[in-house]
Amino acid sequence: MAQHFLLSKDARGLSLKRIFGLSNPEALTLFREARWGKGRDPKCPSVNCGHVANHYFHDGRQRWRCNRCRRWFSVTSGTVFAYRKLPLQIYLAAMAIYTQHVKGIPALALCRKLDVQYKTAFVLAHKLRTALLAQRDDSPLEGDVELDGCYFNGYVKPANQKVNRRDRRLARNQNPKKSVIMVLRQRGGPKQGGQRTLTFSTRSENQSSVLKLVRKYIAAGSTVYADEHSAYDSLHTLFRTLRTNHSVQYSDENGIHTNTAEGFFSRLRRMQRGQCHHFNNNYIDLYANEAAYREDNRRRAMHTLFDDILTKCLETKPSRDLCGYWQHRGQLHRREQFV
Ligand SMILES: [Zn+2]
């Protein structure tokens, strides 16, 4: 019998011992090769320059000085790790720990493992999530695509006394922070589960937001699978749409179901309840995309994933939200993410 992927060498080939044992030049080389390629000269990250050359390198400062514009830059300048204060090994270790955790890692656990402040770990984890979202492949899904929505942050605690309890089904008694994660999942081959996953946050599961999403992110000619919710009624005009009624059955004998999307929500819910405990609405799209990334790459080797996350971080521009997060009490520049 073939060995299960999770028991194979690829699923455990990322050693923290090795990362913490890296010397400063070794860590710098790892970053440098991930950013500019093996054996290539560094590229000035200044927007108006971008000069590639064998720039002067100052050993003590661990920085280059551009031959053309004379600006100093480090291996993380112009990336999501710009203005860093910690050694490179800490960032590598954070990425390794982040990669190894199947359902994500809370900032509190990360700060204990790295021996840094909670605030540092919080921003660092969010930088990794930001890079994953910024570098996501947004090209339209095709073939068999499942579509579904799931509510988060909508819990209303019932009052202690029965006479004080309100009807939580009524709109006026619902939690104003309630939001929806919509998922679009492209099915893989038989028994392969989801192949590509795109997530979006919306205020509510309605026809308007569903139409906006499917027009942009599902290719013409695809087959869409959805449940009985009225928000999906208009899909029939755009795609071949197959619906399942969950009050009758979850799946029929012809393979009409949305179980691939439901399975994603099951794991996202477990990530919220079991790991992160709280998804702030401002960052809920980051958490959802992290879960999607983990789902889509569940069968890739640990070191491949680590390299992928490192490359994505170095290709991502500094985040206005996260640079100086605790100095401006966060969220100052946060844009509305809802569809
Ligand atoms: Zn320059």
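The written sequence of each chain sets the order in which its residues are numbered from 1. With the structure being a predicted model, the display of local features is reserved for residues of pLDDT at least 70 and the display and counting of side-chain atom pairs for 80 or more, all residues being used for whole-chain, interface and lining totals. The side-chain values count all of the structure's non-hydrogen atoms but skip hydrogen atoms and water molecules.

Asks: What am I meant to see in the layout of surface pockets here?
Replies: Any empty space left between the atoms is revealed when a probe the size of a water molecule rolls over them. Reported here for the second largest pocket is a volume of approximately 460 Å³. Using only the protein atoms, space was sampled on a 1 Å grid; points where a 1.4 Å probe fits but cannot get out form cavities, open sets with protein on both sides within 12 Å along at least five of seven lines form pockets, and lining residues are those with an atom within 4 Å of a point. Looking at the second largest pocket, it is lined by 18 residues, and the ones nearest its centre are Tyr83, Lys85, Thr120, Val123 and Lys127. Secondary structure elements are taken from DSSP: a helix is a run of H or I of four residues or more, a strand is a run of E of two residues or more, and numbering for both begins at the N terminus. Looking at which element gives the most residues to the lining of the second largest pocket, the answer is helix H5 (residues 118-134), with 5 residues. Three classes are used, and their members are as follows: Ala, Val, Leu, Ile, Met, Phe, Trp, Tyr, Cys and Pro are nonpolar, Asp, Glu, Lys and Arg are charged, and the others, Gly among them, are polar. Partitioned by chemical class, the residues of the lining of the second largest pocket number 10 nonpolar, 4 polar and 4 charged. Grid points are joined across faces, edges and corners, and a volume is the space filled by probe spheres set on the points.

Asks: What is the right way to read the sheet that holds strand S3 (residues 72-73) from this model?
Replies: Within a sheet, each strand pairs with its neighbour through backbone hydrogen bonds, oriented either parallel or antiparallel. When DSSP finds at least two bridges between two strands, those strands are taken to pair. The 3 strands are arranged S1-S2-S3 in an open sheet whose pairing can be described as antiparallel. In this open sheet, the two strands that pair with only one neighbour each are strand S1 (56-58) and S3. Of the pairings in the sheet, the one linking S1 to strand S2 (residues 63-65) comprises 3 bridges and is antiparallel in character. When the bridges of S2 are listed, Phe57 appears paired with Trp64.

Asks: What is the right way to read the side chain of Thr316 from this model?
Replies: Note on placement: Thr316 falls in the segment after helix H9 (302-315). Contact partners of Thr316, with chain neighbours within four places excluded, come to Gly78, Thr79, Val80, Ala131, Ala134 and Gln135. Here a residue-residue contact requires only that any non-hydrogen atoms of the pair lie within 4.5 Å.

Asks: It is not clear to me how the nonpolar core should be interpreted in this structure. Could you clarify?
Replies: Among soluble globular proteins, nonpolar side chains are generally buried collectively. For our purposes a nonpolar core is just a set of buried Ala, Val, Leu, Ile, Met, Phe, Trp, Tyr and Cys residues, chained together by side-chain atoms within 4.5 Å. Whether a residue is buried, partly exposed or exposed follows from its accessible area with a 1.4 Å probe, protein chains only, as a fraction of its type maximum: under 20%, in between, or over 50%, in that order. Judged by nonpolar contacts, the single largest core of 67 residues is most densely connected at Phe31, Phe81, Leu92, Met95, Leu114 and Leu268. In terms of residues, this core owes the most to one element, helix H3 (residues 88-100), which gives 10 residues. When near neighbours in sequence (up to four residues on either side) are disregarded, Leu114 contacts Phe20, Ile90, Ala93, Ala94, Ile97 and Leu124. Counting 20 residues, the second-largest nonpolar core is a separate cluster that includes Val145, Leu147, Leu198 and Leu235.

Asks: I keep staring at the pairing of strand S6 (residues 194-202) and nothing clicks. Help me out?
Replies: A regular strand carries its side chains on alternate faces of the sheet. Across the 9 residues that make up S6, a large majority, 8, are buried. Here strand S5 (residues 179-187) pairs with S6 via 8 bridges, running antiparallel. Each residue of the ladder has a partner; that of Leu184, found in S6, is Leu198. Taken together, S5 and the strand that follows it, S6, pair antiparallel across an intervening segment of 6 residues, in which Lys191 is found at a positive phi of about 65 degrees.

Asks: I tried to follow the pattern of salt bridges on my own but got confused; where do I start?
Replies: Opposite charge on two side chains lets them pair, provided their charged atoms get close. Should a side-chain nitrogen of Lys or Arg be within 4 Å of a carboxyl oxygen of Asp or Glu, the pair is scored as a salt bridge. If you walk through the whole model with that rule in mind, you get 11 salt bridges. Where Arg136 meets Asp138, a salt bridge forms, and the shortest distance between an N and an O atom there is 2.8 Å. Taking relative accessible area as the criterion, Arg136 reaches 16% and is therefore assigned buried. Among the residues examined, Asp138 registers a relative accessible area of 35% and is labelled partly exposed. The salt bridge involving Asp308 is made with Arg300; its shortest N-O contact spans 3.9 Å.

Asks: So what exactly am I meant to see when it comes to unusual backbone geometry here?
Replies: Among all residues save glycine, negative phi is the norm, and among peptide bonds the norm is trans. Backbone geometry at Gln62 places phi at a positive 55 degrees, although glycine is not the residue there. Relative to the elements of secondary structure, Gln62 occurs in the loop between S1 and S2. The backbone phi angle of Arg70 is positive, close to 65 degrees, even though this residue is not glycine. As for its position among the elements, Arg70 is in the loop between S2 and S3. The exposure class assigned to Arg70 is partly exposed, which follows from its relative accessible area of 46%.

Asks: What is the right way to look at the coordination of the zinc ion in this model?
Replies: The expected angle between donors at a tetrahedral four-coordinate metal is 109.5 degrees. At an octahedral six-coordinate metal it is 90 or 180 degrees. Only N, O and S atoms count as donors, using a 2.8 Å cut-off from the metal and 3.2 Å for Na, K and Ca, and because water is excluded some sites may appear unfinished. Coordination of the zinc ion by the protein comes from Cys44 (SG), Cys49 (SG), Cys66 (SG) and Cys69 (SG), over a distance range of 2.3 to 2.4 Å. Coordination at the zinc ion is tetrahedral, judged from the 4 donor atoms that bind it and the angles of 106 to 117 degrees they form at the metal. Sequence positions of the residues that donate to the zinc ion give the spacing C-x4-C-x16-C-x2-C. For Cys44, a relative accessible area of 3% translates into the label buried. Geometry is assigned from donor-metal-donor angles: four donors are tetrahedral when every angle falls between 85 and 135 degrees, four are square planar and six octahedral when opposite donors sit over 155 degrees apart with all other angles between 65 and 115, and any other arrangement is irregular.

Asks: Even after reading the chapter, I still don't get the packing of aromatic side chains, so can you show me in this structure?
Replies: For any pair of aromatic rings, geometry is given as the distance between the ring centres together with the angle between the planes. In summary, the pairing rule links any two rings of Phe, Tyr or Trp, Trp by its six-membered ring, whose centres are within 6.5 Å, and it sorts them by plane angle into stacked for under 30 degrees, edge-to-face for over 60 and tilted for everything else. Scanning all chains against the criterion turns up 15 aromatic pairs. Summarising the aromatic geometry, the rings of Tyr56 and Trp72 are spaced 6.2 Å apart at their centres and angled 70 degrees between planes, so their arrangement reads as edge-to-face. Of this pair, Tyr56 sits in strand S1 while Trp72 is found in strand S3, placing the two residues 16 residues apart along the sequence. Each residue in the set Trp36, Phe57, Trp64 and Phe73 is aromatic and connected to the rest through ring pairs, giving one cluster. The cationic tip of Arg187 hangs over the ring face of Tyr225; the distance from NZ or CZ to the ring centre is 3.8 Å. Over a ring means this: the NZ of a Lys or the CZ of an Arg is within 6 Å of the ring centre and within 35 degrees of the ring normal.

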